[in-house]
Amino acid sequence: MSEGERLLEVRGLAVYYHGRRRGSVIKALDCIDLSLESGTAIGVVGESGSGKSTLAKAILGLAPIHSGSIKLAGKDITSLKQRSRRELSRILQVVFQDPSSSLNPYITVGTTIEEPLRVHGINNREELNQRIAKALDQVGLSPDVVNRYPGQFSGGQKQRIAIARALIINPQLIICDEVVSALDLSIQAQILNLLADLQKSFQLSYLFISHDIAVVRYISNQILVLYQGRVMESGTAAVVIKNPCHPYTRELIASSPITNPRAQRKQRDERQWERPSGGTSFTEEFNENGCPFAPRCQFAIDICTIERPPLKFTDDGGFTACHRYPEWQALQK
Amino acid sequence: MNKHSPTPVNPNANKVTTGTENAGMQNWSLGRVLLHKPLALICGGFLLLVILGAIFAPLVAPYPPNALDLQNALSGPTAHHLLGSDELGRDVLSRLLYGGRRVFPGVLEGVLTALILAVPIGILAGYFGGILDRLVGAITDALLSIPTIILVLVVIAIFPKNSHAAMITFGTLVSPGLIRIIRGETLPLKDADFVSAARVTGVSDLQIMIRHILPGVIRIVIVQGSFIAASALGYMVALGYLGLIASSGEAEWGQMVASAGALLNRQPWLLVPSGGLIGLIVLAFTLFGNALRDASAETIAATPGPVSRGSSPLERTAQPQGFSPGPSNKLLSLINLSVAFSSRSRDILAVDNISFDVNPSEIVGLVGESGAGKSITSLAILRLLPNAARIVNGQIMFDGRNITGMNDSEFDRLRGSSFGLVSQEPGTSLDPAFTVGSQLGELVHLHDGVNRKGSRSRCLDLLNQVRIRKPEQLLTMYPHEISGGMAQRVAIAMALAGRPKLLIADEPTSALDVTVQKEILALLRQLQLETKMSVLIVTHNFGAVADLCDRVIVLYAGQIFEEANVFELFDRPLNPYTKGLLLANPSNAQPGQPLPIIPGRIPSIGSWPTNCRFAERCPYAADECLAGPIPLLALESERKSRCIRVDDLRKEGIL
């Protein structure tokens, strides 16, 4: 597939779960669109409960899809059976957040890494060993780790093993679900560099899910901001983060502390008047038909609570789901 | 940048080696368990001996089972009959050995039947859930309601003397309990990320169950199997005793017990070998199962870290002077504090000679990666160290008093009113069984000794203090009904109940979303301004440090690596480690450019080198860094840095 072609295309995706009360429905994802070009990375950001992990699960066939479609490399994969998933796994792989739980503690690292190959009928021991050694080398581990168990490795090393398992089949798209958030800062940087190197070497695409906007800014070309299962804003990562077009995006960015005491204190003092702190309310309830962010939004007006905002084009070439775009941007000054 | 040519430092940035690591018994094997558990070794050895004795009875038994020796009837232990003889002079030892040939096959049948039924059914029910699970649940419930002994007796009545039928029935009837256990073990496994990863790869359900689920449940199966074996043995003996599977006079354990019982008045000894052996075997099966269970629990809990035994013994590094307890206007002073974990053979340092102060009304940040010792330091201050850890050296002064020397009751009096603790997981600091009001009220009552009404108004004050909008409503709520951010506010209110002089916050925002983190940080700052308390915040998040702290202490591998005012630390770190950490932060990086990383990783507790502990990862390490322990150097404007090359590196413009 040549660069620039759409590798992944999600249209109107909705994932519903049954609520605790009888008959109630939790809309984990509601009408999500995204498209990912081959060789690029899209970052998905949002708070817990925003649906970002559900999006990954839906693409991986691990979540109940209510409506919408998912196309990967031109093929509709919305409701594939387990057997057809096997072919798909040549293209699509995943790395999870918690490296301790994503590796089976009872089987050796070698057995874990070779599993995708065995699934595709490669059982020749020599070839397996060769490819395991190559995958381990790509993630910066020495080949003698194959006979050890995951418990003998640190978090960063386990994450490298999980990446090696995803890489060994030469996929085109890797879904990275919070892959660095459980890691220490110095290890996080190593893994981010590794992912960036691998992307360059193999023309990999990433769907990169993270709550950390700095990480997403670093690794992604595109960004998708989710809140309560809906798209708030999407666009080019650097542009969106520099000039957010949705109040929620701005809130997310401004909440991430800057690692510079002067800049951070300046930012927080400037914003002190905006929202009296202590605003954590009991439940974030919102009108189904309105904007989910309206109860927390300082720019909300009547229409925001009763009418669902459509996705509008922004001046920067992205989309935002805000009734008050662009006038809120002028109001914040 | 000056290159130091003879640097024996691993420059390979991406290569990670694991040679030094020894994470204990990760691969669970019977052999290792036996080595670590003497009791299991004894029980297993005994069972093996008895079973081998039964198998090779014709070879090892001194007499045939039915050889009569009427002269020596009922002899008791003699040289001819080591365990005595019965009323017809038959050798008891030989009969026991031959009797095992009847009993053990029956036990095996019972256990195998249970396992063959329970393992696949339990895994299938747990894995697929849904209708299958409900069906299995209904059937197991029904089977569990049948009294096993009665059905076994019915089967024996239909198939007289048929121990196979009896034990297969037994196995079938005990399998429901095992099915439930295996199903319960399967449930968390089937949702584990490694199963998701396998599924994404296209591994079939059958393969997932065999390759991923089965290894996870096999341990519990072995353990339960040995309990079932004990019970099966009891059944075999009981059926033999009743004469249902053996004729009277046969070399069969139940029959031997029965005849010994009848002859109890004439030769009491006769009951000892048979009854004792049966008792011992049942005991051995049970203890063996228990030992296996304990061992497998330890395996799952084993992680690299304090339990791993490293190479460097407890040692003292040279410490620069200048940390003597001076005239104290400090609120908290740690003086040469060392904390060690005790293992079987020796102590392993986790915190090595740490000295720092917290001034009144000051917010101090204790930062570092995992394994740096930051949490252990804060726990040592509060005397909340885990059991294996203890303070091995140094003092903690609080408000002019040496709190390391206090006895527990003295310290308890001090703890509530002087310290407050806010921990990382807001959920775990609240008891799910009680309302917020009753938990907070209990603390208020403890500290203020006030009545219900006074306690309620103080609770509302505290909740107002942490900016909760409808405090009356919150008091009646249970912890699961409130959000993480709210729970952290309640935890802070609880910490404030005793009006502490020092609030210790251990990763107070790490589990929270950024928007909530911002609010909690703002709250901590406002509370500090209002109450003038000091705050010691333990964190790995430099953003939180930049937001909140006055002064920062950077820990690495149990030592202080740098200490400075927050502005100076971020403007100009004077230690290569601090500098490296700040640069590695993706928020400062250009997309497309590689992040400037620190290669390798923090040496684990117990394998700290004697030289600079960061040298292996430091791009500027030179011979002098590897020559010996590095002192913490005092620099200008009350800064400290543990880097002997700090002056060189400043001249070179690196720091």
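Residues numbered from 1 in each chain as written. Chains lettered and ligands numbered in written order. Predicted model: local features only at pLDDT ≥ 70, side-chain atom pairs only at ≥ 80, totals over all residues. Heavy atoms only, no water.

Some points on the side chain of Ser50(A)
Residues and elements named next belong to chain A.
And then number 1: Along the chain, Ser50 falls in the loop between β3 (41-45) and α1 (52-59).
And then number 2: You can call Ser50 buried: its relative accessible area is 1%.
And then number 3: At 2.8 Å, the side chain of Ser50 and the backbone oxygen of Glu47 are in polar contact.
And then number 4: Dropping the residues within four chain positions of it, Ser50 is found in contact with Ala28, Leu226, Tyr227, Gln228 and Gly229. (Helix = DSSP H or I, 4+ residues; strand = E, 2+ residues; numbered from the N terminus. Buried < 20%, exposed > 50% of the residue type's maximum accessible area, 1.4 Å probe, protein only. Polar contact = N/O pair within 3.5 Å; in protein donor to acceptor, adjacent residues only side chain to side chain. Contact = heavy atoms within 4.5 Å.)

Brief notes about the sheet that holds strand β6 (residues 92-95) of chain A
Residues and elements named next belong to chain A.
And then number 1: The strand order across the open sheet built from 8 strands is β6-β7-β8-β3-β9-β10-β12-β11, with neighbouring strands paired in mixed fashion. Since the sheet does not close on itself, it has two edges, and those belong to β6 and β11 (312-313), each with one partner.
And then number 2: Along the sheet, α1 contacts β3, β6, β7 (173-177), β8 (205-210) and β9 (222-227); its crossing angle with β8, the most-contacted strand, is approximately 145 degrees.
And then number 3: In the packing of helix α7 (residues 185-202) onto the sheet, the strands contacted are β3 and β8, and the crossing angle to β8 comes to about 155 degrees. (Pairing = 2+ DSSP bridges. Axes fitted to C-alpha atoms, helices over the stretch in contact; angles between N-to-C directions.)

A word on the confidence of the model for chain B
Detail in the predicted coordinates should be disregarded across regions flagged by low pLDDT.
Residues and elements named next belong to chain B.
And then number 1: Mean pLDDT over chain B works out to 85, with 90% of the residues at or above the 70 mark.
And then number 2: Below pLDDT 50 for its whole length, residues 1-27 participates in 62 contacts with residues either more than four positions away or in separate chains.
And then number 3: Confidence estimates for the predicted assembly give a pTM of 0.80 and an ipTM of 0.87. (pLDDT = per-residue confidence, 0-100.)

Observations regarding the sheet that holds strand β2 (residues 25-37) of chain A
Backbone-to-backbone hydrogen bonds join strands into a sheet, with any given pair of strands oriented parallel or antiparallel.
Residues and elements named next belong to chain A.
And then number 1: Across the sheet, which stays open at both edges, the 4 strands sit in the order β2-β1-β4-β5 with antiparallel pairing between neighbours. Two strands lie at the open edges of the sheet, namely β2 and β5 (75-76), each paired on one side alone.
And then number 2: Of the pairings in the sheet, the one linking strand β1 (residues 6-18) to β2 comprises 9 bridges and is antiparallel in character. Residue pairing in the sheet places His18 in a bridge with Val25 of β2.
And then number 3: Sheet contacts for α1: β1, β2 and β4 (65-72); angle to β1, the most-contacted strand, approximately 110 degrees.

Side note on the interface of chain B and chain A
When the parts come together, some accessible area is lost, and that loss is often what is quoted as the size of the interface.
And then number 1: Across the boundary between the two partners, chain B contributes 81 residues, which contact 78 residues of chain A.
And then number 2: Here chain B and chain A share an interface that buries about 7,200 Å² over both sides, 53% of which is from carbon and sulfur atoms.
And then number 3: If you sort the residues of chain B by the area they bury against chain A, Val200(B), Thr201(B) and Arg211(B) come out on top, with a joint share of 9%.
And then number 4: Scanning the region where chain B abuts chain A turns up 4 salt bridges.
And then number 5: Its salt-bridge partner being Lys518(B), residue Glu251(A) comes within 3.2 Å of it at the nearest N-O pair.
And then number 6: The interface formed by chain B and chain A holds 27 residue pairs in polar contact (both at pLDDT 80 or more) in total.
And then number 7: Counting residues per element, the ones that place at least two in the side of chain B that touches chain A are α8 (193-201), α9 (205-241), α16 (471-475), α17 (484-496), α18 (514-531), α19 (542-548) and α20 (566-571) of chain B.
And then number 8: Its residues placed into classes, the side of chain B that touches chain A shows 36 nonpolar, 26 polar and 19 charged. (Buried area = accessible area lost by both parts, 1.4 Å probe. Salt bridge = Lys/Arg side-chain N within 4 Å of Asp/Glu carboxyl O. Nonpolar A, V, L, I, M, F, W, Y, C, P; charged D, E, K, R; others polar.)

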